[in-house]
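Understanding the architecture of this molecule
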Amino acid sequence: MSQAVWNRKDLIDIESVSVEELETLFAQAEIFKASFGTRKKFDTLKNHTVGTFFFEPSTRTRSAFEVAARNLGADILTLSESTSSRTKGETLRDTARNIRAMGVDMVIMRHSAAGAAAYLANVLDIPVVNAGDGAHAHPTQALLDAFTLREHFGRDLRGKKVTILGDILFSRVARSNIHCLTKLGVEVTLAGPITLVPQEFGNYPGVRVAHDLKSALAEADAVMLLRIQHERQTTTHFPSLGEYTALFGINAERLAWMKPEAIIMHPGPINRGVEVESEIADGPRSVILRQVTNGVAVRMAGLHLCTLYREAHTAAN
């Protein structure tokens, strides 16, 4: 393995992360995943309190982060929209400073506003990890997706083809995956209704836009499905979920358009019977549950690396 490189106390996006840092995180995630089932304990976050700030609903991502933090020895302080003083008019800056004053050592935050995590990182001297900010970024989801692809196809993903299908316009997962996968040499195709996959997304290097589903699926080594995010849409971008399913949902017929060895991915939560039929989501070509497991390992790696970086620089100063 090449020398480990990690130059950040925060994990806010993928754009600013170098390929060398990606490789460092993946190598660390491999170490952590190899420990699963052995009951091996890690103490990177022993005597640390990790605050989880989730100002949008989340079960899967929050749970994965909490498991990851506990696996590293952390205590967890949970703050959600329903329990936050934000509902009484308190600003994000005030909330952050109050929590920091309580002795929190790291913040994991999901927020509806793009840029909220970056703002918090500038306010606080402790690590901030972005668990999703608006339609902007979801870095750990992209990292676990890439980690899963590497596990399946090998560590060198150059030349592999991934089709991301669904609501690209409002998807922070899609945006982070575009940056992550193209950094790793993957050819990315974005597919779906023209209203949800604008042609300008094709301006990203290494990315093409396709509105013909059959051609988008035919060459893919992996198909990453996204749900329709009506909660982020200010107007209706598609007539109905039923019509989306009729034109773009993955069923047995459309699965046959794919390469026999191609895999199905999904960041969750799955709308069964909408973007994918249940027998495919649960079938042998699905790696969806593996993504969930890998999400814990990758998040452990992110928390570990950000903590070590911050502590090293605190000691140096």
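Scroll up to find the structure.
Worth saying up front: this structure is predicted, and the values here are computed from it rather than measured.

Further remarks concern the nonpolar core. Formed by 60 residues in total, the largest nonpolar core has its most connected members in Leu 143, Ile 164, Leu 190 and Leu 303. Element by element, the count of residues in this core is highest for helix H11 (residues 288-316), at eight residues. If sequence neighbours within four positions are ignored, Ile 164 has contacts with Ala 174, Asn 177, Val 188, Thr 189, Leu 190, Ala 191, Met 224 and Leu 226. Of all hydrophobic cores here, the second largest spans 24 residues; its members include Ala 220, Leu 225, Tyr 244 and Ile 288.

The subject of this paragraph is the sheet that holds strand E7 (residues 207-210). Read across the open sheet, the five strands follow the order E7-E6-E5-E8-E9; overall the sheet is parallel. The open sheet is flanked by E7 and strand E9 (263-265), the only strands paired with a single partner. Between one strand and the next, the sheet's axes are offset by a mean angle of 20°, whatever the strand orientation. Bridge analysis of strand E5 (residues 161-165) against strand E6 (residues 187-191) gives five bridges, and the strand direction is parallel. Paired with Ile 164 across the bridge in E6 is Leu 190.

What follows deals with the packing of aromatic side chains. For the coordinates displayed, the defined rule picks out five aromatic pairs. Ring geometry for Phe 26 versus Phe 147: centroids 6.3 Å apart, planes at 40°, classification tilted. Pair noted here: Phe 26 is in helix H1 (residues 19-34) and Phe 147 is in helix H5 (residues 139-153), with a separation of 121 residues, a long-range link. We note Arg 299 situated over the ring of Phe 65; from NZ or CZ to the ring centre the distance is 4.8 Å.

What follows covers the pairing of strand E4 (residues 128-133). The side chains of a regular strand alternate, residue by residue, between the two faces of the sheet. Of all six residues in E4, six are buried; the element is thus mostly enclosed. In this structure, strand E3 (residues 106-111) lies alongside E4, joined through four bridges in parallel fashion. Within E4, the position partnered with Ile 108 by the bridge is Val 129. Handedness of the crossover joining E3 and E4 through helix H4 (residues 116-123): right-handed.

Bringing unusual backbone geometry into the picture now. For the bond from Gly 268 to Pro 269, the omega torsion is -10°, close enough to zero to count as cis. With respect to the helices, strands and loops of the structure, Pro 269 is situated in the loop between E9 and helix H10 (278-281). One non-glycine residue, Arg 39, adopts positive backbone phi at about 65°. Assignment of secondary structure puts Arg 39 in the loop between H1 and strand E1 (49-54).

Reading guide: rules and limits
- Residues numbered from 1 in each chain as written.
- Predicted model: local features only at pLDDT ≥ 70, side-chain atom pairs only at ≥ 80, totals over all residues.
- Heavy atoms only, no water.
- Core = buried A, V, L, I, M, F, W, Y, C linked by side-chain atoms within 4.5 Å.
- Buried < 20%, exposed > 50% of the residue type's maximum accessible area, 1.4 Å probe, protein only.
- Helix = DSSP H or I, 4+ residues; strand = E, 2+ residues; numbered from the N terminus.
- Contact = heavy atoms within 4.5 Å.
- Pairing = 2+ DSSP bridges.
- Axes fitted to C-alpha atoms, helices over the stretch in contact; angles between N-to-C directions.
- Phe/Tyr/Trp six-rings, centres within 6.5 Å; stacked < 30°, edge-to-face > 60°.
- Lys NZ or Arg CZ within 6 Å of the ring centre and 35° of its normal.
- Right-handed = clockwise from strand over helix to strand, strands pointing away.

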